[in-house]
There are 4 protein chains.
Amino acid sequence: MNTFGKLLRISMFGESHGAKIGITIDNITPGLPIDQSFIKECLSKRRPTGPNETPRVEIDDFEIVSGEFNGFTTGAPLTILIPNNDTKPSDYDKTLGLMRPGHADYTSHIKYSGYEDYRGGGHFSGRLTAAIVAGGAIVLQALEKIGIKIGSHILKIRDVEDDKFTDIENQIDELNELYFPVINQSVLKEMSSIITEARLSNDSVGGIIECGITGLPVGLGEPMFDSIESVLSHAMFSIGSVKGIEFGDGFNFANLLGSEANDELFYENNRVQTKTNHNGGINGGISNSMPILFNVVVKPTASISKAQDTININTRKNDVIEISGRHDPAIVRRINIVLRSMSAFVIADFLIQRYGINVLREGFNKNN
Amino acid sequence: MNTFGKLLRISMFGESHGAKIGITIDNITPGLPIDQSFIKECLSKRRPTGPNETPRVEIDDFEIVSGEFNGFTTGAPLTILIPNNDTKPSDYDKTLGLMRPGHADYTSHIKYSGYEDYRGGGHFSGRLTAAIVAGGAIVLQALEKIGIKIGSHILKIRDVEDDKFTDIENQIDELNELYFPVINQSVLKEMSSIITEARLSNDSVGGIIECGITGLPVGLGEPMFDSIESVLSHAMFSIGSVKGIEFGDGFNFANLLGSEANDELFYENNRVQTKTNHNGGINGGISNSMPILFNVVVKPTASISKAQDTININTRKNDVIEISGRHDPAIVRRINIVLRSMSAFVIADFLIQRYGINVLREGFNKNN
Amino acid sequence: MNTFGKLLRISMFGESHGAKIGITIDNITPGLPIDQSFIKECLSKRRPTGPNETPRVEIDDFEIVSGEFNGFTTGAPLTILIPNNDTKPSDYDKTLGLMRPGHADYTSHIKYSGYEDYRGGGHFSGRLTAAIVAGGAIVLQALEKIGIKIGSHILKIRDVEDDKFTDIENQIDELNELYFPVINQSVLKEMSSIITEARLSNDSVGGIIECGITGLPVGLGEPMFDSIESVLSHAMFSIGSVKGIEFGDGFNFANLLGSEANDELFYENNRVQTKTNHNGGINGGISNSMPILFNVVVKPTASISKAQDTININTRKNDVIEISGRHDPAIVRRINIVLRSMSAFVIADFLIQRYGINVLREGFNKNN
Amino acid sequence: MNTFGKLLRISMFGESHGAKIGITIDNITPGLPIDQSFIKECLSKRRPTGPNETPRVEIDDFEIVSGEFNGFTTGAPLTILIPNNDTKPSDYDKTLGLMRPGHADYTSHIKYSGYEDYRGGGHFSGRLTAAIVAGGAIVLQALEKIGIKIGSHILKIRDVEDDKFTDIENQIDELNELYFPVINQSVLKEMSSIITEARLSNDSVGGIIECGITGLPVGLGEPMFDSIESVLSHAMFSIGSVKGIEFGDGFNFANLLGSEANDELFYENNRVQTKTNHNGGINGGISNSMPILFNVVVKPTASISKAQDTININTRKNDVIEISGRHDPAIVRRINIVLRSMSAFVIADFLIQRYGINVLREGFNKNN
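**Observations regarding the relation of the copies chain C and chain D**
Piece 1. Screw-axis analysis of chain C against chain D gives a translation of 0.0 Å along the axis, an RMSD of 0.0 Å, and a rotation angle of 180°. Here the symmetry operator amounts to a two-fold rotation axis.
Piece 2. A high fraction, 99%, of the interface residues of chain C reappear at the interface in chain D, so the copies pair face to face through one surface.

Here you go:
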């Protein structure tokens, strides 16, 4: 449904063209500082800007209506509201009855027996991720204070590939400052060209994002059904357009021998490490002291202006659609901060399950 | 944890070398026939056989100790026990203190503060998937009776690739009869050679499995956090060795334009279909009438006989391990039925959430 | 935490003196009419009025910001916001550091490590029940349309007792129209006198409420941990001031013999009934066709103006408190609609679990 | 369903006349000692003995088949199996089709569409509480080691009343040694006489049990839906025959003024206490340092040998039943240890949620 998490629990609500979207974060550690400017900074990373992104003006004024007192979390449910200001329903009237290919228009129409709010994708709109980012900012910042960093960059768009993480701790700090996060700055221009080209041809592109998490204690995650991979993937696939995830060497494991895929362990200064990190920091679903590494693939934006065949649910006939609203030729840049936010919720929940409710404020003993 | 599912809920227990492993299926539709021979058939698909698989004799005698009456499910929790007969703890004494690379030995040792049952990987052993298969058989059979089929085949081992699903309804029926499920029989020999070669060199290989689900109603799945992708991936990553999942075109979406990635809709005989199935039967997390398609990557078996560097947790020194137990050079064949079983639990749970508890016995109206 | 329900799930947020309180209802049946005037009517039943209730003006303007489209539920999360207008924090400044006896001041102070919003009880305030009532109204109305009624009346205040339910179907209809719901109108004056007396002596009173639910199908509820009694009691105790619940003959069962306590069954016109209803419509946690009956005890309002000994958490010394804010000498009248609302959520959730998501719109077959 | 708990989670399975009953405890703190003799001692408290209890021989051999290693919990799911040896299905053949009044026979028949295992009440049998007791013993013992005691006694059977807790810490120790736990030994004979009388007249009696929990930290429990009262009542009502629960002064709160019901706070030696304990150790759903106190009412055993009117579900006609099986004239003595066991699970779960997974082994800092 629209609630996620076991102890740290988020609930989402809202539609693309409704009055407000929002997030409620339940059972959050009391006493976490709420840094309005950092929330704004995170929101600005998700906000569309520049010629290559939707001209919909997302001001993302947010209001924290509960769970905050004197600038800190109280421990009671923290709710953030974001109003929908720049909605132009007229854009969508034109497509009324025409099911947009690649979107949830048809599936939600059947699921909700025709009662769905279809405007702009309604509840299925990427618009809701703004609330995830606003709430995630609080948790991202708390994690950073106790030594856990989460970073990501655009690894691939069509045939252009960025470098993979090498010196991850430092790279994360740098990437988190960038508008368009890539490790190898020389790919920036090529990627931009691809996106511009897609826009000019009324089309869109997707991409692959590499994510990394550092600073975790060993022993985080749960056996079987709540492995780190299970819960992180669950979280990632709740973000629209995500269609694949792989941990460590991922699909390349099919090409390797066991002797190439295993990560040998060794002590260095009494601390356990592995020589390689094929397994992406996770063994048996549990963190092993190495950085968590995973790739997420984002499909090309489904909304394109090109004419497409589709059905009209009102006339019950085949028809043609040209989507004239405001759309992104690529959301892969904007989705970075969403992935990081969702990852933050997952990691924070695991920490609370293991160390108790105050861990996000007090930290944990790395040797335990 | 060790419980999965919202309304149809499974709980797992047991260790590789404990007395018994087991599964409890809670809130299952009453009145489903329990076909002991089909359960045995499914177990036999997971059982190691032939020179290329572990010589551990897994007899998989199972006992249903609750939830069955007169050959039918009662609706009360159904528990299946499987005893561990052919355990040779001596194999593992040798490795005591030596953390096997690629396994959960070290991570579980830290997680459980040193109290873990380390024999054969304990609770993290693939042995537990036998219970998943036994329970999954009941649900797989029920689903088939109401028109839903789940099938899979080995798509790739190293550089050998099987064909992808084309005529999926018929292919599933054929694949489910095969010992080593591939669509293009000509790849069988090559794949076997690769596995044999790995075995002879004391090594192992992984692979990619393609799964398909047909016959679903439109509108299954939930928005945001319980998308079909979220819940299926959660289930798949709870199976040891799985390190990646992709739906539809998956990671290849990064290479496509939106106009290539969208699936155009059309009416045929008043029934909605899409011309292509890039999205793997899912839009916005909800089923769209096309077959659900996804690939899962399985890493090479972590247990290999080759010498590997590692740590000894008892001496707290670096050391070398040669794993002498009984191991599989490839588990990719055996894991097929496990993926299908877990998928069955996921789909059945979604159906019950939408149509009520008796849906697995009574079926559903496809037009609703 | 602040989320309740298995399939139909409510999440609460807000504080007595925060910006807004709210409720999110997730996974609600799409297509339920939203009757703003009925929501207002329900809110008016909870609102303090008359000399015997707090003069805090609770206007209860509410705003539905998501999950509604064209006057119907969409199936997406429905969020209702209620602003806090008439807050007078100055009332509470006076008691800063003084822990009010009978309240959660001290327990929440420790629980939240001193970060709690202490104003007016913060998140523990009865104020939040306004949001429960607003959301419950939608479900209460839907239930009524499919034949399920929920009613309650004030059974006892100190030594004055109302009659118990006899002709429950008709009595519920009448009670739901009343400002101060009692079956025997002659106790109304006596109860009012007791409340007035308590008010004039700066004190307060509690009471017992009898609740009834009619029209349920047989077979609702789950075995063991989700018996109707378990889930209803869970819901009732989530309402502040509730300190006891009993089903059917309740605590009087201690005085009865088995032959007096059992309800004998019989067929009448092919329909099963019981001659008596000692068990309050529930056997083994499952509904049995008779009305569900339960009593709930509400303790006297903890806020009283009389001087009370207490501690000052700032000075860490013993002290005396005189609570000068605006308080109710009795909340037993106002709490009726809250109990009915929470009961509605519980019953609707059970129905959805058994019959599927559309049951609140389409109803159910009583013979199944 | 049959799973309970948020982080510490128990799952139950089995039927009165099935092969085995069992419990799985998931996410239990690793490293807790498993004391087989204490488990046996707890089981012996639940076992029927003496002329006034069912002659069914419940040997309660139990087997721990997972989650234990070298005498300690491992942290993996711990499953305990108890075989059903002395089943006499013939007793129940006689009543086939006759729905026993006061039992779940009819409600489960409808709920499970006629597929229920009806023998001896099947899954609804009190027999399953043996597994709760076996598992609860491990947790009860762990709690005692970190300073938390749970005790209970028979407060009332018909018109005979025991004293209430006064010096609870010491009284719990004494009560836990007794076969028939009462504080005032002089009521023992009277209570026994009432039970004997009921037995001789083929009838049964119920009673009220007072429970107490000491040694909790302040601040345990969650706001709103997971108040201590909510979760404890949820747990208590999952035990068959329980029909009411009240905390602190409970239903007597209806007779009190606020000034009589509030518990005034004071510092003594820098430790906060309350002068009275009307609220049973809980304010706003959160523990306040005083003992948790609650009463539970148990209805008279539904199985009586007296002739009772009922329906025959096979003939669909009215009929008469005389239950000739082996029954208890009173289960109130045997149920004590069940209530204590369920309370232990609830408290342990709250502790883990607040302090992390290792709290049951390492304890907690009372000042936090």
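After presenting the structure, the write-up continues.
**Brief notes about the interface of chain C and chain D**
Piece 1. Across the contact, 100 residues belong to chain C and 99 residues belong to chain D.
Piece 2. For the pair chain C and chain D, the summed buried surface comes to about 8,400 Å²; carbon and sulfur atoms form 59% of the total.
Piece 3. Across the contact surface, chain C and chain D share seven salt bridges.
Piece 4. With a closest N to O distance of 2.9 Å, Lys-243 of chain D and Glu-229 of chain C form a salt bridge.
Piece 5. Residue contributions to the side of chain C that touches chain D peak at six residues, all from strand E11 (residues 242-247) of chain C.

**Brief notes about the interface of chain A and chain D**
Piece 1. Contacts between chain A and chain D engage twelve residues on the former and twelve residues on the latter.
Piece 2. Across the chain A/chain D interface, buried area totals approximately 940 Å², and carbon plus sulfur atoms make up 45% of it.
Piece 3. Of all residues in chain A, Lys-6, Leu-7 and Arg-354 of chain A bury the most surface against chain D, accounting for 36% of the area lost on that side.
Piece 4. On the surface where chain A and chain D come into contact, there are zero salt bridges.
Piece 5. Viewed at the interface, chain D and chain A are joined by two residue pairs in polar contact (both at pLDDT 80 or more).
Piece 6. Top element by residues in the side of chain A that touches chain D is helix H9 (residues 332-355) of chain A. It accounts for three residues.

**Here's the deal with the sheet that holds strand E4 (residues 63-66) of chain D**
All names here are of chain D.
Piece 1. An order of E1-E2-E3-E7-E4 is seen for the five strands of this open sheet, with the pairing classed as antiparallel. Edge strands, defined here as strands with exactly one partner in the open sheet, are strand E1 (3-4) and E4.
Piece 2. Two strands pair when backbone bridges link them, and E1 and strand E2 (residues 9-13) are joined in this way by two bridges, in the antiparallel orientation. Paired with Thr-3 across the bridge in E2 is Ser-11.

**Some details on the packing of aromatic side chains**
Piece 1. One pass over the full model with this rule turns up 30 aromatic pairs over all chains.
Piece 2. With centroids separated by 5.4 Å and ring planes inclined at 20°, the aromatic side chains of Tyr-355 of chain A and Phe-364 of chain A adopt a geometry described as stacked.
Piece 3. A relative accessible area of 17% means that Tyr-355 of chain A is categorised as buried.
Piece 4. Using a relative accessible area of 16% as the deciding quantity, one classes Phe-364 of chain A as buried.
Piece 5. Taking 5.5 Å as the distance between ring centres and 50° as the angle between the ring planes, the aromatic pair formed by Tyr-115 of chain B and Phe-72 of chain D counts as tilted. Placement of the pair is Tyr-115 of chain B in the loop between helix H3 (105-111) and helix H4 (129-145) and Phe-72 of chain D in strand E6 (residues 72-73), with the two residues belonging to separate chains.
Piece 6. Residue classification places Tyr-115 of chain B among the partly exposed residues on the basis of a relative accessible area of 27%.
Piece 7. Accessibility expressed as a relative area gives 32% for Phe-72 of chain D, which makes it partly exposed.

**Considerations on the packing of helix H1 (residues 36-46) of chain C against helix H9 (residues 332-355) of chain C**
All names here are of chain C.
Piece 1. The N-to-C vectors of H1 and H9 enclose an angle of 135°; their axes lie 7 Å apart at closest approach. As judged from the angle between their axes, H1 and H9 are oblique. Contact residues: H1 offers Cys-42, Lys-45 and Arg-46, while H9 offers Arg-333, Arg-334, Ile-337, Val-338 and Arg-340.
Piece 2. Here the residues of the contact of H1 with H9 are counted per class, giving three nonpolar, no polar and five charged.

Rules used throughout
Residues numbered from 1 in each chain as written. Chains lettered and ligands numbered in written order. Predicted model: local features only at pLDDT ≥ 70, side-chain atom pairs only at ≥ 80, totals over all residues. Heavy atoms only, no water. Least-squares fit on C-alpha atoms with pLDDT ≥ 70 in both. Contact = heavy atoms within 4.5 Å. Buried area = accessible area lost by both parts, 1.4 Å probe. Salt bridge = Lys/Arg side-chain N within 4 Å of Asp/Glu carboxyl O. Helix = DSSP H or I, 4+ residues; strand = E, 2+ residues; numbered from the N terminus. Polar contact = N/O pair within 3.5 Å; in protein donor to acceptor, adjacent residues only side chain to side chain. Pairing = 2+ DSSP bridges. Phe/Tyr/Trp six-rings, centres within 6.5 Å; stacked < 30°, edge-to-face > 60°. Buried < 20%, exposed > 50% of the residue type's maximum accessible area, 1.4 Å probe, protein only. Axes fitted to C-alpha atoms, helices over the stretch in contact; angles between N-to-C directions. Parallel < 35°, antiparallel > 145°, perpendicular 65-115°, else oblique. Nonpolar A, V, L, I, M, F, W, Y, C, P; charged D, E, K, R; others polar.

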